[in-house]
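Each chain is listed here by its residues.
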Protein chains: 2
Amino acid sequence: MRWRYIIYVVGVLTFFTGVSMTAPIFIELFYGDKNVFPLLNSMNIAIAAGLIPWFFYRKQAAEIDYISPREGMAIVALGWMFVGFFGSLPFYLSGQFGSFTNSLFESVSGFTTTGSSILTDIESISRGLLFWRSFIQWLGGMGIIVLSLAILPLLGVGGMQLYKAEVPSPVPDKLKPRIRETAMILWKVYALFTLVEIMLFLIGGMGLYDAVNHALTTMPTGGFSTKNASIAQFDSLYFDLVIIFFMLMAGINFTLHFQFLKGSSLAFWKDAECRFFLGTVLLFTIIISFDIFGTVYNTIGQALRYSAFQVVSILTTTGYATADYEQWPAMSQAILLMCMFIGGSAGSTGGGMKCLRIMVCFKYCYKELFSLIHPHSVSHVKIAGKSIPEDVVRSVLGFLALYMGLFAIAAILLAGTGVDFVTAFGAIAATLGNIGPGFGMVGPVENFALIPDTGKWLLIWCMLLGRLEIYTVIILLVPEFWRK
Amino acid sequence: MRWRYIIYVVGVLTFFTGVSMTAPIFIELFYGDKNVFPLLNSMNIAIAAGLIPWFFYRKQAAEIDYISPREGMAIVALGWMFVGFFGSLPFYLSGQFGSFTNSLFESVSGFTTTGSSILTDIESISRGLLFWRSFIQWLGGMGIIVLSLAILPLLGVGGMQLYKAEVPSPVPDKLKPRIRETAMILWKVYALFTLVEIMLFLIGGMGLYDAVNHALTTMPTGGFSTKNASIAQFDSLYFDLVIIFFMLMAGINFTLHFQFLKGSSLAFWKDAECRFFLGTVLLFTIIISFDIFGTVYNTIGQALRYSAFQVVSILTTTGYATADYEQWPAMSQAILLMCMFIGGSAGSTGGGMKCLRIMVCFKYCYKELFSLIHPHSVSHVKIAGKSIPEDVVRSVLGFLALYMGLFAIAAILLAGTGVDFVTAFGAIAATLGNIGPGFGMVGPVENFALIPDTGKWLLIWCMLLGRLEIYTVIILLVPEFWRK
Ligand SMILES: [K+]
Ligand SMILES: [K+]
């Protein structure tokens, strides 16, 4: 472990976090709001903190052209933690977010694109800070897609080892050629989607500020809103449809967008995971529509609209709300809870277990059944006609089991802080899957303010664990990791 | 698939189910209760139904000395279903259990050693019927341990393929030599434990009828009680301790009892799974004691007593209750919910995922972490120093994922029948793990009477799926299974 280099890279990330604060500062100045100095001070602290390792270690760092998987994982995990810490400074220094724990919770919730909030009155927060809250989700989402493919190679890092740590796809070969260039294109796709969404919001009559904020939190499947009532505030079919579309885009593997833009018009259809993802959306939307039609909504149109929005929002792990699904029938709630675990596609900005893993698991179980019927046959798990190596299948199944185990243990610990049974499980599902709202006292029309402080720290860890594919974070707890 | 042979074996099982009804008939006669004829008629029906295939197919069956895995699975799944059906006849014909659905639910709950009950007033049921209800749990438990090791070889069947289907141990070699003899010994161990428990109950002053019934439902980790308030009715520390001891015995791999009786005095200590099982009991008992001390109970002694009983009852999947754990703090409830999933040891009468699988999963995840740190090292999952083959590890992880997936889907379906959110998940966890009581409206002081009929049918399937290790039952749904 070349710690100097790791500190150097984490410093660079911290530096850019500081630089990014110029945007909210301008907005705060523009609107004449009062939190310019908290933002300015935070910027200075972050830039200074980032420059110190750069100053000492830049020469050694320039000589490094390969990083080990271990170093890569240390950079990913520590990078997200430090960026989360420095990102929380504006919140903390402004005093508008309460305690340091609250501020850190909100910041980590942003950078991990979770969207769980401790704010009880979002609209009372000054606009620069609210913009920062949205912007860190956008940066976090960029990190999720691009970090391992573009930023680290840009810093002179090999990258493939990090791809393994950061991109959950069990098929890590898709983007091998010209990683850096492709990654830059993906970043442009991400920015392009964001811009188009802003325009569509403006066309629909949304104010510029809200349009920018919501576009910045849709594409990373973040889900922070500038409104207390989230998207329900606008009560507009048009906005619902626009957001549903962009949430779906954000939940699809970004390499497919890249392929589509390169001319492969059937890219989405050809991808087995994408079909599974869209099929799941369709199936659950229909089932929930039937479940809420007549019981909650009086027209089938309304039932479809609210069902589709909530299914897409939860399955893509965005977490916007246009309805309080806790008032829906139990079956709809159970389906949404399952969506929290399934999550988006691998290579998207969505969290959760990822559709690809669920597919591998399905196919593996079917294969097991098949080999019980035909004990002497040899068969492999195939996705889109391509065999998945057996050790990859095992890793996928192990990940699913680990995810569930972690979920159970974290829920028990959260329950130990004094929250009720449903909230404990709901809050862990929501943070581990990077969704945002959960069930119980952290439902879609509530927030995380009433969770005890120890519980908030636990949830901060869950957000990081979920976002960084668990292993990258828990590896820090293994003594073996720190040896030599 | 030699269907005649399968029908023949299922017929034999049905025949013996009928013969077993002589016991409750004598008890009904002895107490002068009024349900002699329902029992007598059921016995005649079951014996007749069992004799018909015997009459037609006995000669062909006698020639068969090998069964295929497929045939074995068909026998296991259909056997349990038919026995469940014929076992329900006394309940249905007596009229004391209400609808046929209720009667079948109670019978399958018995034979699968689940212990979920639709009875709202157990003590109003005549004593012969209540004995039958306990006795079918005992028979079911015998089936679970012995079926694949003794009964099927007794019928001239190879057995090892069924061992694979029926005994969940990923290490199927333990009892290979002299399967039949060893199985008979295990059956004797099972009977011996039951007898000793009866004696200890009698010494403590329990009436003979209650003593026999509770011993018959402890050893199969069944959990049916003859009292409305379950074990809480006796309110006796002595009985609690006796039952805790025998539940623990029932939750340990029966091959260890066998080894212990053959003179290996350290058998329990030497077995990694047994250490894990007892360690889990100890850990959770201590944590829950702290959680309920001061909040529910005023002395540490009481806290320990009720904590230990409930932890052992749920972890071994027995399902007896001495306390309403739904009134306990959320953390204790969450731990008990996790216990429902962990379950007893492989090769015990306990249900759930089984400790051995959880251990394999733990060790595999640690191995994954280790190989992320040392990418070029080769390591295997080892239990007690013995490497577990990689495909067995994969099967175990696949089983855990399948279990969770099935849990989610079944809970959604149950919620669709109109029960609330917590009840849906609690009832599925309780039936899939063959525990008995769950959460919500099927908690430890309630019952399954208010679940809608479609829900009861779903739960019947969950009990069978959980008890027969899922694959044995879902394989019946694969068209491939029925071909040729
Ligand atoms: K989110
Ligand atoms: K049970």
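How each quantity is defined
- Residues numbered from 1 in each chain as written.
- Chains lettered and ligands numbered in written order.
- Predicted model: local features only at pLDDT ≥ 70, side-chain atom pairs only at ≥ 80, totals over all residues.
- Heavy atoms only, no water.
- Helix = DSSP H or I, 4+ residues; strand = E, 2+ residues; numbered from the N terminus.
- Buried < 20%, exposed > 50% of the residue type's maximum accessible area, 1.4 Å probe, protein only.
- Contact = heavy atoms within 4.5 Å.
- Areas by Shrake-Rupley, 256 points an atom, 1.4 Å probe, with all protein chains shown as cover.
- Lys, Arg positive; Asp, Glu negative; His and termini not counted.
- Charge placed at Lys NZ, Arg CZ, Asp CG, Glu CD.
- Disulfide = S-S within 2.5 Å.
- Donors = N, O, S within 2.8 Å, 3.2 Å for Na, K, Ca; no water.
- Patch = residues over 30% accessible without salt bridge, like charges linked within 9 Å, V, L, I, M, F, W, Y side chains within 5 Å.
- Salt bridge = Lys/Arg side-chain N within 4 Å of Asp/Glu carboxyl O.
- UniProt positions renumbered as here; feature names shortened; annotations may be inferred.
- Buried area = accessible area lost by both parts, 1.4 Å probe.
- Phe/Tyr/Trp six-rings, centres within 6.5 Å; stacked < 30°, edge-to-face > 60°.
- Least-squares fit on C-alpha atoms with pLDDT ≥ 70 in both.
- Axes fitted to C-alpha atoms, helices over the stretch in contact; angles between N-to-C directions.
- Parallel < 35°, antiparallel > 145°, perpendicular 65-115°, else oblique.
- Nonpolar A, V, L, I, M, F, W, Y, C, P; charged D, E, K, R; others polar.
- Expected span 1.5 Å × (residues − 1).
- Core = buried A, V, L, I, M, F, W, Y, C linked by side-chain atoms within 4.5 Å.

Considerations on the overall build of chain A
For chain A, the helix and strand inventory stands at 21 helices and two strands. Of all 484 residues assigned to chain A, the portion counted as buried reaches 65%. In chain A, of all internal contacts separated by at least 6 residues, the share reaching a separation of at least 24 is 71%. Carbon and sulfur atoms make up 68% of the accessible area of chain A, which totals about 17600 Å². Charge separation in chain A, taken as the distance between the mean sites of 30 positive and 28 negative side-chain charges, equals 12 Å.

Description of the state of the cysteines
Tallied over the full model, the rule gives zero disulfides over all chains. Free of any disulfide, Cys274(A) has its nearest cysteine sulfur in Cys355(A), 9.2 Å distant. Distance from the sulfur of Cys462(B), which forms no disulfide, to the nearest cysteine sulfur (Cys365(A)) is 16 Å. According to the relative accessible area criterion, Cys462(B) is buried, its value standing at 2%.

Regarding the coordination of the potassium ion (ligand 1)
Residues and elements named next belong to chain A. Taken together, the protein donors to the potassium ion (ligand 1) comprise Thr-113 (O), Thr-114 (O), Thr-221 (O), Gly-222 (O), Thr-317 (O), Thr-318 (O), Asn-434 (O) and Ile-435 (O), at separations of 2.5 to 2.8 Å. Of note, the donors binding the potassium ion (ligand 1) are all from one chain and are spaced T-T-x106-T-G-x94-T-T-x115-N-I. You can see Thr-317 sitting in the loop between α14 (300-315) and α15 (330-342) and its partner Asn-434 sitting in the loop between α18 (421-432) and α19 (453-467), a full 117 residues away along the chain. Neither residue differs from the other here; Thr-317 and Asn-434 are each classed as buried.

Observations regarding the coordination of the potassium ion (ligand 2)
Residue and element names in this part refer to chain B. Those protein atoms acting as donors to the potassium ion (ligand 2) are Thr-113 (O), Thr-114 (O), Thr-221 (O), Gly-222 (O), Thr-317 (O), Thr-318 (O), Asn-434 (O) and Ile-435 (O), and they sit at 2.5 to 2.8 Å. Between the donor residues of the potassium ion (ligand 2), the gaps in sequence give the motif T-T-x106-T-G-x94-T-T-x115-N-I. You can see Thr-114 sitting in the loop between α5 (100-111) and α6 (127-154) and its partner Thr-221 sitting in the loop between α9 (208-218) and α10 (237-250), a full 107 residues away along the chain. Both residues of the pair, Thr-114 and Thr-221, belong to the buried class.

Focus: a nonpolar patch on the surface
Residue and element names in this part refer to chain A. There is a patch of nonpolar side chains on the surface, built from Leu-51, Ile-52, Trp-54, Phe-55 and Phe-56 and spanning about 530 Å² of accessible area. One can find Phe-56 in helix α3 (residues 36-63). A residue is classified by how much of its surface remains accessible, and Phe-56, at 55% relative accessible area, is exposed.

Points about the pattern of salt bridges
Close approach of charged atoms lets side chains of opposite charge pair. Residue and element names in this part refer to chain B. Enumeration according to the criterion identifies 16 salt bridges over all chains in this entry. For Asp-240, the salt bridge identified is with Arg-305, shortest N-O distance 2.8 Å. Of this pair, Asp-240 sits in helix α10 while Arg-305 sits in helix α14 (residues 300-315), and the two are 65 residues apart along the sequence. As far as burial versus exposure is concerned, Asp-240 and Arg-305 are alike and both buried.

As for unusual backbone geometry
A positive phi angle, close to 55 degrees, is found at Thr113(A), a residue other than glycine. Here Thr113(A) lies in the loop between α5 (100-111) and α6 (127-154). The backbone of Asn434(B) shows a phi angle near 55 degrees, a positive value even though the residue is not glycine. The class for Asn434(B) is buried, based on a relative accessible area of 0%.

Details of the environment of Ala401(B)
Along the chain, the position of Ala401(B) falls in helix α17 (residues 390-416). A relative accessible area of 13% means that Ala401(B) is categorised as buried. When residues no more than four places from it in sequence are discounted, the contact partners of Ala401(B) are Cys361(A), Leu397(A) and Leu400(A).

Considering the UniProt feature "binding site: K(+)" (unreviewed entry) in chain A
Residues and elements named next belong to chain A. If you check UniProt for "binding site: K(+)" (unreviewed entry), the listed places come out as Thr-113, Thr-114, Gly-222, Thr-317, Thr-318 and Asn-434 in our numbering. These residues run over 322 residues, yet every pair of their C-alpha atoms falls within 8.9 Å of each other. Position of Gly-222 among the secondary structure elements: in the loop between α9 (208-218) and α10 (237-250). According to the relative accessible area criterion, Gly-222 is buried, its value standing at 0%. Excluding residues that lie within four positions of it along the chain, Gly-222 makes contacts with Thr-113, Thr-114, Gly-115, Gln-137, Thr-217, Thr-318 and Ile-435. When neighbours within four sequence positions are excluded, Thr-317 is seen to be in contact with Thr-113, Thr-221, Gly-343, Gly-344, Gly-350, Gly-351, Gly-352, Gly-433, Asn-434 and Ile-435.

Focus on the interface of chain A and chain B
With 50 residues of chain A at the interface, the matching set in chain B holds 50 residues. Here chain A packs against chain B, burying approximately 4500 Å² in sum over the two surfaces, 79% of which is carbon and sulfur. Contact with chain B buries area across many residues of chain A, yet Ile373(A), Arg394(A) and Phe421(A) alone supply 17% of it, more than any other trio. Linking chain A to chain B there are zero salt bridges.

So, the packing of aromatic side chains
For the structure on display, the rule yields 63 aromatic pairs over all chains. Between Phe421(A) and Phe425(A) the ring centres are 5.4 Å apart and the planes differ by 75 degrees, which places this aromatic pair in the edge-to-face class. Of this pair, Phe421(A) and Phe425(A) both sit in helix α18, four residues apart, which is roughly one turn of that helix. The pair formed by Phe421(A) and Phe425(A) is uniform in burial state, with each residue classed as buried. Between Phe341(B) and Phe407(B) the ring centres are 4.8 Å apart and the planes differ by 90 degrees, which places this aromatic pair in the edge-to-face class.

Regarding the relation of the copies chain A and chain B
Least-squares fitting of chain A to chain B yields an RMSD of 0.0 Å, with the transformation described by 0.0 Å of translation along the axis and a rotation of 180 degrees. Expressed as a symmetry operation, the mapping of one chain copy onto the other fits a two-fold axis. Same-surface contact between copies: 100% of interface residues of chain A are shared with the interface of chain B.

Description of the packing of α14(B) against helix α15 (residues 330-342) of chain B
Packed helices, taken two at a time, are described by the angle their axes make and the gap between the axes. Residue and element names in this part refer to chain B. Put simply, α14 and α15 touch, their axes get as near as 8 Å, and they point 30 degrees apart. With respect to α15, the element α14 is oriented roughly parallel. Where α14 approaches α15, its residues Gln-310, Val-311, Ile-314 and Leu-315 are matched on the opposing element by Leu-336, Cys-339, Met-340 and Ile-342. Residue composition of the contact of α14 with α15, grouped by class: seven nonpolar, one polar and no charged.

Describing α5(B)
Its twelve residues give α5(B) an end-to-end C-alpha distance of 16 Å, which sits within 8% of 16 Å, the value for a rise of 1.5 Å per residue. Thr113(B), located one to two residues past α5(B), shows a positive phi value of around 55 degrees.

Points about the environment of Ile383(B)
Residue and element names in this part refer to chain B. Summarising the element assignment, Ile-383 is placed in strand β1 (residues 382-383). Exposure remark for Ile-383: the relative accessible area of 10% places this residue in the buried category. Contacts of Ile-383, omitting those with residues within four sequence positions, involve Ala-272, Leu-356, Met-359, Val-360, Lys-363 and Ile-388.

Some details on the side chain of Gln333(A)
With respect to the secondary-structure elements, Gln333(A) resides in helix α15. Aside from chain neighbours lying at most four places away, what touches Gln333(A) is Tyr325(A), Glu326(A), Trp328(A), Phe439(A) and Phe421(B).

Observations regarding the nonpolar core
Of all hydrophobic cores here, the largest spans 337 residues; its most connected members are Trp328(A), Leu414(A), Ile428(A), Trp328(B) and Ile428(B). Not counting residues up to four positions away in its chain, the partners in contact with Leu414(A) are Val419(A), Thr423(A), Ala424(A), Ala427(A), Ile428(A), Ile451(A), Gly455(A), Leu458(A) and Leu459(A).

Some words on the environment of Leu248(A)
Residues and elements named next belong to chain A. By secondary structure assignment, the location of Leu-248 is in helix α10. Relative accessible area serves as the criterion here: at 17%, Leu-248 is assigned to the buried category. C-alpha separation for the pair Leu-248 and Phe-15, spaced 233 residues apart in sequence, amounts to 32 Å. If near-sequence neighbours (up to four positions away) are discounted, Leu-248 is found in contact with Phe-277, Leu-278, Val-281, Val-312 and Thr-316.

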